[in-house]
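What the coordinates show
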Amino acid sequence: MANYSTNEFRPGLKVMLDGEPCSILDNEFVKPGKGQAFNRVKLRNLSSGRVWERTFKSGESLEGADVMDYTMEYLYTDGEFYYFMDPNTFEQHQADKKAVGDTYLWLKEQDSCEVTLYNGTPLSVTPANFVELEIVETDPGLKGDTAQGGSKPARLTTGAVVKVPLFITQGEVIKVDTRSGEYVARASKS
Amino acid sequence: MSERSILEVSPSLADRYGVTDPALQSIEATINGEPWFLQTSPEFALKRLLSLGSGDIYSLAKAFRSDEVGRWHRPEFTMLEWYRCGFDHHDLMTEVEQLVRYCWSDAPAIERLSHSDLFDDILGFDSLCVSESCLVEAAHALGYSGPCERDKGWLLDLLWVLAIEPAIKDRAFFVYDFPIEQAALARASVVFGVPRAHRFELVINGLELANGFWELTDPVEQERRFREDNTKRRAMGLGEVQADPRLLEALKRGLPECAGVALGVDRLLALASGLSSLNELDPFAD
């Protein structure tokens, strides 16, 4: 991979730091009066998700990381691995539980999601912003209660639990915002 | 400036000579096939006039620096630089504060503290006496893992970025009497065996607004610093820069006892307007 100098650090650039693939979040040029120039850089460690803040001497460089994001179709899980397919090449990739993390709560078979590959292996999986999932368990709905106010927990097919309005019933399909984990609307049943 | 009988002068922005300071890179301009330099400050030109008996003078003009681009850095910026004969750095700090209040009526109260007190407050050691190895240790303790140059000035800059700047985000002060390694063009004196440079900076909310010197007038010492700059430039892999012989001539002719300061006008206006970057001040910024 190419090397990138501090003046090429832009948000989103993927670089290697301490042997870990990282994504640059912010790069601030700092230079004390009549002094040496430095760069204060925020990076997200793509393996752990943690944010690192490091100071570099201006002009220092880091090796680029072979990290790419692909839109893939989620196929299935065998309990140990999750399988995804690149819809262009039909190539399949298996991701372990560490890479999938909590995203499993929003994975429905045949849905598209974003898979980040590091050296060709899934490093992380990001669900679509909105997914439609069926409710498998919730308290019975209260007839006529379509007004605002009041919510109850509902368990979805994936195991995720979201708060829904009281009028929603078991077996319904709802639309959820995966970024907040919040109920958005009823979806037409597929 | 006119109320105080300080004369405006307007030196050339492009000149045959650049600047030797290893922390400053000039933008080169080709004129008639020859390499010229856009000036990083009007300092040398103004000192030539002072040595010819101009008396108090100022320049309000653009200055240019290569390799400086960021929220608070632009390769082209507006600099107000002035010189006061018979002033020392403390007199000039008072005048800088008056000018800041003139432009920015609700500027915060401005403290004054020495460089060694500032470092002692935040890092617990005296910046004038501290050893290089102590500075390296402090940088590592603050989580810095990059390469360290064995150069006290460089290490003090690193610690400024790692520890001082983050700790002074809501403070306004003049910091004065710098370690001798950061003298730049300031005169030095030795107090209780410890040398210090009579330089000051105005720092508000972590941002350097002005840098001033009780000026060095000794041509021999000036020539030595030019040579030392070029030795550092070679060590850093930067090209050597020919020192401006006209400045040395001016010092030999005799620079009056004076203090001088350069103030970043764009930064002052940005702070006074509550902006958080220089780009927000500039209607032509991309």
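For the structure, see preceding data.
Keep in mind the model is a prediction, meaning the values are calculated, not measured. (Residues numbered from 1 in each chain as written. Chains lettered and ligands numbered in written order. Predicted model: local features only at pLDDT ≥ 70, side-chain atom pairs only at ≥ 80, totals over all residues. Heavy atoms only, no water.)

1. Quick word on the pairing of strand β12 (residues 130–138) of chain A
Residues and elements named next belong to chain A. By the bridge criterion, five bridges tie β12 to strand β15 (residues 173–177) in an arrangement that is antiparallel. Bridge assignment links Glu132 to a residue of β15, and that residue is Lys175. Bridging between β12 and strand β13 (residues 151–156) involves three bridges; their strand directions are antiparallel. Within the sheet, the bridge partner assigned to Glu137 lies in β13 and is Arg155. (Pairing = 2+ DSSP bridges. Helix = DSSP H or I, 4+ residues; strand = E, 2+ residues; numbered from the N terminus.)

2. Observations concerning the nonpolar core
All names here are of chain B. Core analysis: the largest hydrophobic core is formed by 30 residues, its most contacted members being Trp82, Val96, Val100, Phe200, Leu202, Ile204 and Leu263. Elements with a minimum of two residues in this core: β6 (76–85), α2 (89–103), β8 (172–179), β10 (194–204), β11 (207–214), β12 (258–264) and α8 (265–272). Broken down by element, the residue count for this core peaks at five residues, all from α2. In terms of nonpolar packing, the next biggest core, distinct from the first, is built from 26 residues, Trp154, Leu155, Leu159 and Ile168 among them. (Core = buried A, V, L, I, M, F, W, Y, C linked by side-chain atoms within 4.5 Å. Buried < 20%, exposed > 50% of the residue type's maximum accessible area, 1.4 Å probe, protein only.)

3. Quick word on the packing of helix α4 (residues 132–141) of chain B against helix α5 (residues 152–167) of chain B
Residue and element names in this part refer to chain B. Interaxial distance between α4 and α5 falls to 10 Å at its minimum, and their mutual angle equals 25°. Between α4 and α5, the angle is such that the two are roughly parallel. Note that α4 runs across α5; the crossing there is left-handed. Residues Glu132, Leu135, Val136, Ala138 and Ala139 of α4 form the contact with α5, whose own contacting residues are Lys152, Leu155, Leu156, Leu158, Leu159 and Leu162. (Axes fitted to C-alpha atoms, helices over the stretch in contact; angles between N-to-C directions. Parallel < 35°, antiparallel > 145°, perpendicular 65-115°, else oblique. Left-handed = near helix turned anticlockwise from the far one by under 90°. Contact = heavy atoms within 4.5 Å.)

4. Examining the packing of aromatic side chains
Taken as a whole and judged by the stated rule, the model has eight aromatic pairs over all chains. An angle of 85° between the planes, with centres 5.9 Å apart, marks the rings of Phe9 of chain A and Phe56 of chain A as edge-to-face. Here Phe9 of chain A is found in the loop between β1 (3–5) and β2 (14–17), whereas its partner Phe56 of chain A is found in strand β5 (residues 51–57), with 47 residues between them in sequence. One exposure class covers both Phe9 of chain A and Phe56 of chain A, and it is buried. Relative to Phe226 of chain B, the ring of Phe44 of chain B lies with its centre 6.0 Å away and its plane at 65°, an arrangement referred to as edge-to-face. One end of the pair, Phe44 of chain B, is in helix α1 (residues 43–51); the other, Phe226 of chain B, is in helix α6 (residues 219–235), and 182 residues separate them in sequence. Just as Phe44 of chain B is buried, Phe226 of chain B falls in that class too. Of note, Lys175 of chain A hangs over the ring of Phe130 of chain A, and the distance from its end group to the ring centre comes to 5.0 Å. Arg199 of chain B extends its terminal NZ or CZ atom over the ring of Phe178 of chain B, reaching a point 4.3 Å from the ring centre. (Phe/Tyr/Trp six-rings, centres within 6.5 Å; stacked < 30°, edge-to-face > 60°. Lys NZ or Arg CZ within 6 Å of the ring centre and 35° of its normal.)

5. Some words on the packing of α1 of chain B against helix α7 (residues 245–254) of chain B
All names here are of chain B. Contact geometry for α1 and α7: axes closest at 9 Å, N-to-C directions at 30°. Relative to α7, the element α1 is oriented roughly parallel. α7 is crossed by α1, and the crossing has left-handed handedness. Facing α1, whose interface residues are Phe44, Lys47, Arg48 and Ser51, α7 presents Arg246, Leu247, Ala250, Arg253 and Gly254. For the contact of α1 with α7, the class distribution of residues is three nonpolar, two polar and four charged. (Nonpolar A, V, L, I, M, F, W, Y, C, P; charged D, E, K, R; others polar.)

6. Quick look at the sheet that holds strand β4 (residues 38–45) of chain A
Residue and element names in this part refer to chain A. With antiparallel pairing, four strands are arranged side by side in an open sheet as β2-β3-β4-β5. A strand with exactly one partner marks an edge of an open sheet, and here the two such strands are β2 and β5. Sheet twist, expressed as the average angle between the axes of neighbouring strands with direction ignored, equals 45°. Relative to β5, β4 runs antiparallel, the two sharing seven bridges. Counted as the bridge partner of Arg44 is Val51 from β5.

7. Some words on the interface of chain B and chain A
If you look at the interface, chain B gives 29 residues, while chain A gives 15 residues. Summed over the three residues of chain B that lose the most area to chain A, namely Trp154, Asp157 and Val161 of chain B, the buried surface amounts to 24% of that side. Linking chain B with chain A are four salt bridges, by the criterion used here. Here Lys57 of chain A and Glu149 of chain B are joined by a salt bridge, their closest N and O atoms 3.0 Å apart. Joining chain B to chain A, the criterion identifies eight residue pairs in polar contact (both at pLDDT 80 or more). It is α5 of chain B that contributes the most residues to the side of chain B that touches chain A, eight residues altogether. A breakdown of the residues in the side of chain B that touches chain A according to their chemical character gives 14 nonpolar, four polar and eleven charged. (Buried area = accessible area lost by both parts, 1.4 Å probe. Salt bridge = Lys/Arg side-chain N within 4 Å of Asp/Glu carboxyl O. Polar contact = N/O pair within 3.5 Å; in protein donor to acceptor, adjacent residues only side chain to side chain.)

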